[in-house]
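What follows is the residue order along each chain.
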Amino acid sequence: MAQKKTHRTSSDDPEELTRTVLQAVLLADSFAQKFRPITLERPKVLLPLVNAPMIEYTLAWLESVGVEEVFVFCCAHSQQVKSYLENSQWTKQPGAFSVTTIESHDAISAGDALRVIYTHGIIRGDFILISGDTVSNMSLAKALSEHKDRRKKDPLAIMTMVIKHSKPSALTHQTRLGNDEIIMAIDPGTKELLYYEDKVDLSQHLISLDKMLLADKSALSLHNDKQDCYIDICSPEVLSLFTDNFDYQHLRRHFVKGLLIDDIMGYKIFTHEIQSSYAARVDNFRSYDTISKDILQRWTYPFVPDVQYLGNGLQIKLDREGIYKAPEVVQSRSAHIDSFTVLGNATTVGDNAVISNSVIGQGCTIGHNVTIEGSYIWDNVKIEDGCKLSHALVCDGVHLRAGVVLEPGVILSFKVEVGQQIVVPAYSKVSLLPQPSKQDSDEELEYADANTGIIESPSIATMMNAQKVDFPTSDADRSGTSEFYVSGAGYIWSSCEGGNEDEWRHSIAPIPADKLSESLLNAFADVDAPDQDTSCIPASGELLPDSASTVGDGEDYRDSADFEKEVEATFQRALAGVDLENVILEINSLRLSYHMSHADCAGALFHSIMKAALVPSYSSKNDLYANAVKEIIKWSDLLKHYLKTLDEEIEVILKFEEISVETAREFSPLFSNILSCLYDKEILSEEAILSWAQEKEGADESDKIFTKQSEQFIKWLREASEEEDGDND
Amino acid sequence: MPDVQTLVNDFVLKLKRRKIEGSQASAKQTAELLRSVVSQQRLPYINQATVLLDAVRAVGEQLIAANPVELAVGNIVRRILHIIREEDLTSTASAMEGLSLSANSDDDDNYEREDHQALSAAAVAAAARSTLRAPSLQTLLEGIPESASAPHPSSSGGDSEGKSKSAERSSRSKKLKHDVIEAINELIQDIETCHEQISEQAVGLIHQNEVILTLGRSRTVKEFLCAANEKKRSFRVFIAEGAPRYLGHVLAKELVAKGLQTTVITDSAVFAMISRVNMVIVGAHAIMANGGVIAPVGINMVALAAQRHAVPFVVVAGSHKLCPLYPHNPEVLLNDFKSPSDLLDFGEFSDCMDFSTSGGSPRLHVVNPAFDFIPSKLVSLFITDTGGHSPSYIYRLIADYYSADDFVVRRRSTTS
């Protein structure tokens, strides 16, 4: 086996080690659809990042760190990736750096890709696993030698993950790259990764750790300020592990977590933290924006536009204030180019245009009085006079007619045309391709969709023709988005699975002020909470589902009133149509977090039901009674779930009493009626009612209103039970 | 057999990727590459010089464009163009004088060439061999003047003597090429030995018990100081650490290892310390035609401090750093901006660069220039491998080394 061979060499002297060819597996497919609709037409790795395809950055880095053999795994749009690589400097170049493509159309996840690579049997030793959208300038030598040293001592250390120090935003709990905060537990001595969670539910300030971790390790440091760079140094075992566990799909969610949980095999993952160098992955539009800006700020040096590493061969000049200009830019004297802007080759900029913090591609035409702010404009885009673009992404060949306004977060895919004076609303995505009707929320399966997208593409032509017929009719007076189709070409995509609320998180546009202030409020509310939170961690370590969120002001946190409110909120959702089981689950978790008993739950729930009964309009007592009965019947199942013992039933009666006192006008006259109704519906047992009556006997007069009111009913119950007793005798 | 074009491409890629560190290495490798370009160039019978010039210029243009920041590459290209012109001039001159061996020339360069003319047959053979052999850098390196000029006991000498006109014709074509290659070899040797040449002058400049200040680390400065130390001069060195790359720390280590009394100070303490200093010695990235200097960042500040306290400010640099262009020339890329990670830790400042919460525009800018420009009036003396020169004399040196026709290498792109 190839594996064994490398093992033997690794036990030899270090000189032997250096002689093994360093290989890398580059996944030219993200197996996600965060860049849709653009990725329907072009693979993500070929999308330009500061005017150079993303894969160029990855390959350039691999070349610079001494990787000699790169296997590029292509899946969606594999032909495009292949033909790009064939024409690039990387395959033509003589010398030690070779790029080989591996194609597979069935792979729908990183796991599948690695399984395909395993079957090819080309990986002979330690390799670097990287995705084709990673930008880095880190030096690999140290991480690699650490990895090899560890391997020598412990063959179970099969992977080294590269991480980087980066604080997540305290407000939005997302990193600057738009990912969720990642929580890692790392052994401070050995740097072994012990825990990895990238989908932390932050509203609860809770994470659960296996207590075995603390039993095994003398120390453990928990980090939320580490960024996963998605650069892994792997041993060949990683591939065979993927093959053995055919259900591993996602590198992090399945593979890393799977290994961390699995005690039997005992494989270990280690981390390597990079200090001064840069590494990040373009995962969504937010990180596209962030990384572009990092490149312009030169954090990725030498992978910056004016150093000709990336092979477009153009001599780009860096002016003051971070303005990068390609040689043949035609710029009007009155145009104002602001800091951190790139102007691509053969681009013309008209009079009084203002461009700031933007990247403009090659061969673009920008008209007079155009304002472009924080936008990414790819090649051959035509922008007519008076357009306003802010924080938009505009792909190749787009044509914006005069006066178009792109609001923040707009994505215009290839060759979209927008008619005069149209305002494209914020966060809209426009493509010539229709949105695939089959929306599969499962990220792993998404590339299957992408393939169907390709099949659909012939229909573009017909569609465009149909629309272009109408072009001449476009006139400035008839504006509005509905006009989009008349004077332009393209489908507006409805927002995909994340829902519109989440759109702002991953968009190119900065987070809007109202969202920020909202999260600011939440953050302040949270500030008080943590100490109580920690005391609230239930012994079982169960995580609260996020729907039970909205933490109150934190003062009467554990108060039963608060709990009641929470239950009521949950119940409202139940009214809105949430599954009964989910409601029970939510209430259970609420109960755990508030340290309440089942009895409290039952009481609170009953409270909510009665309140619900008050909601519909009623004219008379009888109406109200009917309402109440209806609600009780409706929710009897739910109530019964909590009425397991006598105590709980009594609690419900006491609660009912309380409600009746509070709402003297509504419920107090109906007390006995409803009580008997509850008895009829077998929600309350007679024992409960009797013991309640007994309890109340000793109480003072004012407390006895309701026992008196239902005296008759109680008496009847007593008699009935005595009768029963008599029968039994 | 590696084609010249692949060699050129390889070198261009290395330059583009900034894989060649330092002016000296760039200069040397450029000269070696151009030597192989010259040796592989097929020459017609007439207009040999023009063909050679065009070949070198074509390659040189690519090299300069590959890394415009490294001015030494352009300097060497221009030096070699100048060499070809000179050789062409002398060979036509000698051709007009016939084959007389007693040509008296006033030029120093011609001294050696007389020898070669005397040994012309052997030289032709040597040149022929060098073109036949695989022109890898290795074999070309072996062809340094000492070994090449030594007469080889081959039979070719006799053969070529016996040959008639055709041999003479080929010898004429080979001769220019051969002479150029010889001159390039000399140039390479000059680059290699520039440190020693400069260091030889150290004793004359550094006196007993002086205090020398330098900033950052320059290999030339290091050799210069060590040479003075070896000659039993006892003096002290102040080293400004040279933020943000702190190469001054490295220099301090090296000097201490050689037994020099060394003090490390921060860059910001330079002005406070300069009054105790007898001389400032710094290295340079490039010396421009007007005597201005492009040097690692921070040196301008040192120069100003030195001027304020009337401390001599000496720049040591090999002649390959002598650039025939003026700093205002649009072709000159004065500065290189490095990664901000030299200054700031990315992780610590990542919250300042969260564009999503800061309105989309970066509020934190980090500028990390690599070089300073020091105007010529602040420089007291240049020490090059040819001796000490005042800034006002630089233009004269440039006239010696370069031909004015070559200042703009990118001729084709300007005409087209």
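From a predicted model like this one, the values you see are computed outputs, not experimental measurements.

## Structural notes on the overall build of chain B
Consideration 1: Of regular secondary structure, chain B possesses 18 helices and ten strands.
Consideration 2: Split into buried and exposed, the 416 residues of chain B put 42% on the buried side.
Consideration 3: Put simply, of all contacts in chain B between residues at least 6 apart along the chain, 80% involve residues at least 24 apart.

## Thoughts on helix α10 (residues 251-261) of chain A
Residues and elements named next belong to chain A.
Consideration 1: By the burial criterion, the buried members of α10 are L251, F255, V256, L259 and L260. Buried positions in α10, seen along its axis, are confined to an arc of 125° and lie on one side of it.
Consideration 2: Elements that come into contact with the buried residues of α10 comprise α6 (110-120), β10 (193-197), α9 (237-244) and β13 (268-274).

## With respect to the confidence of the model for chain A
Consideration 1: Across chain A, the average pLDDT comes to 76, with 78% of residues at or above 70.
Consideration 2: Per-residue pLDDT stays below 50 along residues 527-558 of chain A; that stretch engages in 47 contacts with residues further than four places along the chain or on separate chains.

## Some details on the sheet that holds strand β24 (residues 371-373) of chain A
Residue and element names in this part refer to chain A.
Consideration 1: Taken together, six strands build an open sheet; the order of strands is β18-β21-β24-β27-β30-β33 and the sheet is parallel. Strands at the two margins of the open sheet, each flanked by one partner only, are β18 (336-337) and β33 (423-424).
Consideration 2: Alignment of β24 against strand β27 (residues 388-390), held across three bridges, turns out to be parallel. Across the sheet, the residue bridging to T371 is K388, located in β27.

## Details of unusual backbone geometry
Backbone phi values are negative for most residues with the exception of glycine, while trans is the configuration of most peptide bonds.
All names here are of chain A.
Consideration 1: Between R36 and P37 the backbone carries a cis peptide bond, its omega angle lying at 5°.
Consideration 2: Along the chain, P37 turns up in the loop between β1 (23-27) and β2 (48-49).
Consideration 3: Note the cis peptide between Y301 and P302, where omega equals 5°.
Consideration 4: In this fold, P302 is placed in the loop between α11 (285-296) and β15 (317-319).
Consideration 5: With a phi angle near 55°, A346 is a residue other than glycine that sits in the positive phi range.
Consideration 6: Among the secondary structure elements, A346 is positioned in the loop between β19 (341-343) and β20 (348-349).
Consideration 7: One non-glycine residue, H391, lies in positive phi territory at about 50°.
Consideration 8: When you line up the elements, H391 lands in the loop between β27 and β28 (393-394).

## Comments concerning the domain arrangement of chain B
Residue and element names in this part refer to chain B.
Consideration 1: What the domain assignment reports for chain B is domain 1 (4-194) and domain 2 (200-335 + 370-402).
Consideration 2: Listed as interface residues are 15 residues of domain 1 and, on the opposing side, 13 residues of domain 2.
Consideration 3: Taken together, the elements giving at least two residues each to the side of domain 1 that touches domain 2 come down to α2 (23-40), α4 (71-96) and α10 (165-199).
Consideration 4: It is α4 that contributes the most residues to the side of domain 1 that touches domain 2, seven residues altogether.
Consideration 5: A class-by-class count of the residues in the side of domain 1 that touches domain 2 yields eight nonpolar, four polar and three charged.

## Concerning the confidence of the model for chain B
Residue and element names in this part refer to chain B.
Consideration 1: On average, residues of chain B carry a pLDDT of 81, and 79% of them reach 70 or more.
Consideration 2: Within the model, the stretch residues 100-140 combines pLDDT values under 50 with 48 contacts to residues more than four positions away or in other chains.
Consideration 3: Scored as a complex, the prediction yields pTM 0.72 and ipTM 0.79.

## Focus: the environment of A613 of chain A
Residues and elements named next belong to chain A.
Consideration 1: Positionally, A613 belongs in helix α19 (residues 598-614).
Consideration 2: Considering only alpha carbons, one finds A613 and I632, 19 residues apart in sequence, at a separation of 8.5 Å.
Consideration 3: Each residue touching A613, except ones within four places of it in the same chain, is listed here: N627, A628 and E631.

## Some details on the pairing of strand β1 (residues 211-215) of chain B
Residues and elements named next belong to chain B.
Consideration 1: Within β1, four of the five residues are buried, leaving the element largely enclosed by the surrounding structure.
Consideration 2: When β1 meets strand β2 (residues 236-240), the two strands line up parallel, connected through five bridges. Across the sheet, the residue bridging to L213 is F238, located in β2.
Consideration 3: For the segment spanning β1, helix α12 (residues 219-230) and β2, crossover handedness is right-handed.
Consideration 4: In terms of strand pairing, β1 meets strand β4 (residues 279-283) through two bridges, oriented parallel. Bridge pairing links L213 to V280 in β4.

## Quick word on the interface of chain A and chain B
Consideration 1: Counting residues at the interface gives 37 residues for chain A, matched by 29 residues for chain B.
Consideration 2: Taken together, the elements giving at least two residues each to the side of chain A that touches chain B come down to β8 (157-165) and α11 of chain A.
Consideration 3: Among the elements that line the side of chain A that touches chain B, the one with the most residues is α11 of chain A, at four residues.
Consideration 4: Among the residues making up the side of chain A that touches chain B, the classes are represented as 14 nonpolar, 16 polar and seven charged.

## Quick look at the pairing of β13 of chain A
Residue and element names in this part refer to chain A.
Consideration 1: Of all seven residues in β13, six are buried, a share of seventy percent or more.
Consideration 2: Strand direction decides the pairing type here: β8 and β13, joined by seven bridges, are parallel. In the sheet register, M161 faces β13, and the bridge partner there is T271.

## Some points on the nonpolar core
Consideration 1: Ranked by internal contacts, the top residues of the largest apolar core, which has 146 residues, are F73 and V394 of chain A.
Consideration 2: Counting residues per element, this core draws most heavily on helix α3 (residues 54-64) of chain A, at seven residues.
Consideration 3: Residue assignment places this core across two domains, with domain 1 (2-286) and domain 2 (308-506) of chain A each supplying three or more.
Consideration 4: Listed in part, the 93 residues of the second largest apolar core include V77, I191, I294 and C323 of chain B.

## Details of the sheet that holds strand β8 (residues 371-374) of chain B
Consideration 1: Ordered by their spatial adjacency, three strands build an open sheet running β5-β6-β8 (chain B), and the pairing between neighbours is antiparallel. In the strand order of this sheet, the two ends are held by β5 (286-287) and β8 of chain B, each with one partner.

## Looking at the packing of helix α21 (residues 646-662) of chain A against helix α23 (residues 686-697) of chain A
Residue and element names in this part refer to chain A.
Consideration 1: Where α21 meets α23, the axes come as close as 9 Å, and the angle between the chain directions of the two elements is 60°. Taken together, the axes of α21 and α23 are oblique relative to one another. Considering only the axes of α21 and α23, their crossing is right-handed. Counted together, L646, E649, I650 and I653 of α21 and E687, A688, I689, S691 and W692 of α23 form the full contact between these two elements.
Consideration 2: Across the contact of α21 with α23, the residue classes tally to six nonpolar, one polar and two charged.

## Some thoughts on the packing of helix α1 (residues 4-16) of chain B against α2 of chain B
Residue and element names in this part refer to chain B.
Consideration 1: The interhelical angle for the contact between α1 and α2, taken along N-to-C directions, is 160°, at an axis separation of 10 Å. Looking at the two axes, α1 sits roughly antiparallel to α2. The handedness of the crossing between α1 and α2 comes out as left-handed. When α1 is examined against α2, the residues V4, L7, V8 and F11 are found in contact with a partner set consisting of Q29, L33, S36, V37 and Q40.
Consideration 2: A breakdown of the residues in the contact of α1 with α2 according to their chemical character gives six nonpolar, three polar and no charged.

## Focus: helix α20 (residues 621-642) of chain A
Residue and element names in this part refer to chain A.
Consideration 1: The principal kink in α20, of about 60°, is found at S636.
Consideration 2: Turning to α20, its buried residues number three or more, namely L624, A628, E631, I632, W635, L638, L639 and Y642.
Consideration 3: Next to the buried residues of α20 lie α18 (580-594), α19, α21 and α22 (671-680).

## Re the environment of H120 of chain A
Consideration 1: Tracing the chain through its elements places H120 of chain A in helix α6.
Consideration 2: Judged by the 13 C-beta atoms lying within 10 Å of it, H120 of chain A falls in the partly exposed class.

## Some remarks on the environment of H250 of chain A
Residues and elements named next belong to chain A.
Consideration 1: You can see H250 is positioned in the loop between α9 and α10.
Consideration 2: For H250, a count of 18 C-beta atoms within 10 Å gives the class partly exposed.
Consideration 3: Residues H250 and F31, spaced 219 residues apart in sequence, show a C-alpha to C-alpha distance of 9.0 Å.

Thresholds applied
Residues numbered from 1 in each chain as written. Chains lettered and ligands numbered in written order. Predicted model: local features only at pLDDT ≥ 70, side-chain atom pairs only at ≥ 80, totals over all residues. Helix = DSSP H or I, 4+ residues; strand = E, 2+ residues; numbered from the N terminus. Buried ≥ 20, exposed ≤ 12 C-beta atoms within 10 Å, placed from the backbone. Contact = placed C-beta atoms within 7 Å. Arc of directions from axis to C-beta. pLDDT = per-residue confidence, 0-100. Pairing = 2+ DSSP bridges. Domains from an automatic or database assignment. Nonpolar A, V, L, I, M, F, W, Y, C, P; charged D, E, K, R; others polar. Right-handed = clockwise from strand over helix to strand, strands pointing away. Core = buried A, V, L, I, M, F, W, Y, C linked by C-beta atoms within 7 Å. Axes fitted to C-alpha atoms, helices over the stretch in contact; angles between N-to-C directions. Parallel < 35°, antiparallel > 145°, perpendicular 65-115°, else oblique. Left-handed = near helix turned anticlockwise from the far one by under 90°. Bend = angle between axes of the 7 residues up to and from the residue.

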